[in-house]
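# Architecture and fold: a report
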Amino acid sequence: MKILAIESSCDETAAAVVEDGRRVLSSIIASQVETHRIYGGVVPEIASRMHVEAISGVTNEALRQAGLGLEDVDALAVTYAPGLIGALLVGVNFAKGMAFAAGKPLLAVHHLRGHVAANYLTHGDLQPPFLSLIVSGGHTHIVEVNSYTSYRVIGRTRDDAAGEALDKTARAMGLPYPGGLHLDQLGKGGAPQAFSFPRPKVADAPYDFSFSGLKTAALVKLKALGLYDAVDAKTKQDFSAAFQFAVADYLCQNTLRAARAGNHQTLALAGGVCANSVLRAEMQRRCKAAGIGLYLPDLAYCGDNAAMIGAQGYYEHQAGRSAGLELNAVASLGIDAAG
Ligand code: KG4
Ligand code: ZN
């Protein structure tokens, strides 16, 4: 089954063709990062407008690279939640129009389910059940993936997402948006123990996080050091390495505690932050020691893309969930709440 998938929930306009949930025939991403960089973050109104401008070209290119016409695909899949509402609406309406014009089924995909499904593109053998740590710019969840379409959230951030803490700390250090990637590059070769940061505990919730607490500790430290832009290169490198280590260690601790408690033998990481080299290395080391099988998506499928939406769309279809033309975008919706 060939699915033409569309993603527009934040600042990437993406389209892809995916076969049977596992094989990527094409994946095109038009990133708006350069435009939003001058504002230090995503400006929703600009994002919507740029999606409108890019979506036809990106979709045509995805079909062209797959060597297919619209008539050759079996269904359309689109991200409908969660995300920036104006941005989501562009993708949803475009996909509805195409599905109606072509007389093909329309599959509604939850963005975080898509991030988890990025693993299916990289690892042909991975099947639920498994535990997943979803770490993106907007979400930080520890989730039991019980089947391809049933999930149970067992841990979450109470405030900022991990990506948000990385981005805001990076911004305070004078690094460009999106800061997570720049911290990763800057911290290579730095000393992870050069600075210490807290791992905030949430009362009676052993798998929950408070990344706002961690971020605030970093900002206070930066201020006390008189750092911001004026810091010397070595201190900046060490600070990047140490802050990323704290974030990775915090994520690893809670996730492995959840894996032990739930007797999970398999863990899959998901979301933009799982591109982070420190998190990947730490999680690999600790999973190996704990005898847990770790799955990491290819770097190409960690950040927002449409191939992951095509992968999850296939499993939504297999579960008999297709959407009608009344489908609407939803800004905020739990991974476990969606259908
Ligand atoms: O999943 P994603 O592309 O978009 C959302 O759904 O939010 O995640 C974006 C987040 C941003 O916070 C960005 O800084 C972070 O992923 N990110 C990274 C890296 N690459 C992207 N964070 C740390 N290290 C990276 N290499
Ligand atoms: Zn995302």
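In case you missed it, the structure is sitting above this.
Residues numbered from 1 in each chain as written. Chains lettered and ligands numbered in written order. Predicted model: local features only at pLDDT ≥ 70, side-chain atom pairs only at ≥ 80, totals over all residues. Heavy atoms only, no water.

### Some points on the packing of helix H5 (residues 162-172) against helix H8 (residues 233-261)
Direction vectors running N to C along H5 and H8 enclose 170°, while the axes themselves pass 11 Å from each other. On the basis of the axis angle, H5 is roughly antiparallel to H8. Residues Ala162, Ala165, Leu166 and Thr169 of H5 lie in contact with H8, whose contacting residues are Phe239, Phe243, Gln244, Val247 and Leu251. Among the residues forming the contact of H5 with H8, the class breakdown is seven nonpolar, two polar and no charged. (Axes fitted to C-alpha atoms, helices over the stretch in contact; angles between N-to-C directions. Helix = DSSP H or I, 4+ residues; strand = E, 2+ residues; numbered from the N terminus. Parallel < 35°, antiparallel > 145°, perpendicular 65-115°, else oblique. Contact = heavy atoms within 4.5 Å. Nonpolar A, V, L, I, M, F, W, Y, C, P; charged D, E, K, R; others polar.)

### Some points on the environment of Ile154
Looking at where Ile154 falls in the secondary structure, it is placed in strand E8 (residues 150-156). Leave out the neighbours within four places in its chain, and Ile154 touches Leu131, Ile142, Glu144, Tyr207, Asp208 and Ala258.

### What to know about the packing of aromatic side chains
In this structure the tally under the stated criterion is 11 aromatic pairs. One cation-aromatic arrangement involves Lys221 over Phe197; the distance from NZ or CZ to the ring centre is 5.5 Å. (Phe/Tyr/Trp six-rings, centres within 6.5 Å; stacked < 30°, edge-to-face > 60°. Lys NZ or Arg CZ within 6 Å of the ring centre and 35° of its normal.)

### Thoughts on a negative patch on the surface
A surface patch of like charges, here negative, comprises Asp20, Glu71, Asp72 and Asp74. Assessed through its relative accessible area of 36%, Asp72 is described here as partly exposed. (Patch = residues over 30% accessible without salt bridge, like charges linked within 9 Å, V, L, I, M, F, W, Y side chains within 5 Å. Areas by Shrake-Rupley, 256 points an atom, 1.4 Å probe, with all protein chains shown as cover. Salt bridge = Lys/Arg side-chain N within 4 Å of Asp/Glu carboxyl O. Lys, Arg positive; Asp, Glu negative; His and termini not counted. Charge placed at Lys NZ, Arg CZ, Asp CG, Glu CD. Buried < 20%, exposed > 50% of the residue type's maximum accessible area, 1.4 Å probe, protein only.)

### As for the layout of surface pockets
By volume, the largest pocket is sized at about 1300 Å³. The set of elements that each furnish at least two residues to the lining of the largest pocket consists of helix H1 (33-37), helix H4 (111-122), H5 and helix H6 (179-187). Counting only domains with at least three residues in the lining of the largest pocket, you end up with domain 1 (2-116 + 303-318) and domain 2 (128-300). (1 Å grid on protein atoms, 1.4 Å probe; cavity = no way out; pocket = protein on both sides within 12 Å on 5 of 7 lines; lining within 4 Å. Points joined across faces, edges and corners; volume = space filled by probe spheres on them. Domains from an automatic or database assignment.)

### Considering empty space enclosed by the protein
One simple way to see leftover space: roll a probe sized like a water molecule over the atoms. The tally for this structure, following the rule as stated, stands at one cavity of 30 Å³ or more. Empty space within the largest cavity amounts to approximately 30 Å³. If you trace the largest cavity, you find it lined by Leu166, Gln244, Val247, Ala248, Leu251, Val273, Asn276 and Leu279. Considering each element in turn, the lining of the largest cavity owes the most residues, four residues, to H8. Counted by class, the lining of the largest cavity contains six nonpolar, two polar and no charged residues.

### Things to note about the sheet that holds strand E6 (residues 130-135)
If you trace the five strands from one edge of the open sheet to the other, you get E8-E7-E6-E9-E10, paired in mixed fashion. Where the open sheet ends on each side, the last strands, each with one partner, are E8 and strand E10 (293-295). Averaged over all neighbouring strand pairs, the angle between strand axes comes to 25°, with direction disregarded. Note: strand E7 (residues 140-147) against E8, six bridges, orientation antiparallel. For Val145, the partnering residue across the bridge sits in E8 and is Tyr151. (Pairing = 2+ DSSP bridges.)

### Some thoughts on the nonpolar core
Formed by 43 residues in total, the largest nonpolar core has its most connected members in Phe197, Phe211, Phe243, Leu251 and Leu279. At the level of elements, E6, H5, helix H7 (211-224), H8, strand E9 (266-270) and helix H9 (277-290) are the ones that each hand at least two residues to this core. For this core, the leading source of residues is H8, giving 12 residues. Residues contacting Phe211, with those up to four places away along its chain left out, are Thr140, Thr157, Asp159, Asp160, Ala161, Ala162, Ala165, Val247, Tyr250 and Leu251. In this structure, Ala118, Leu126, Ala307 and Tyr315 belong to the second largest nonpolar core, which totals 34 residues. (Core = buried A, V, L, I, M, F, W, Y, C linked by side-chain atoms within 4.5 Å.)

This is a description of form; function is not addressed.
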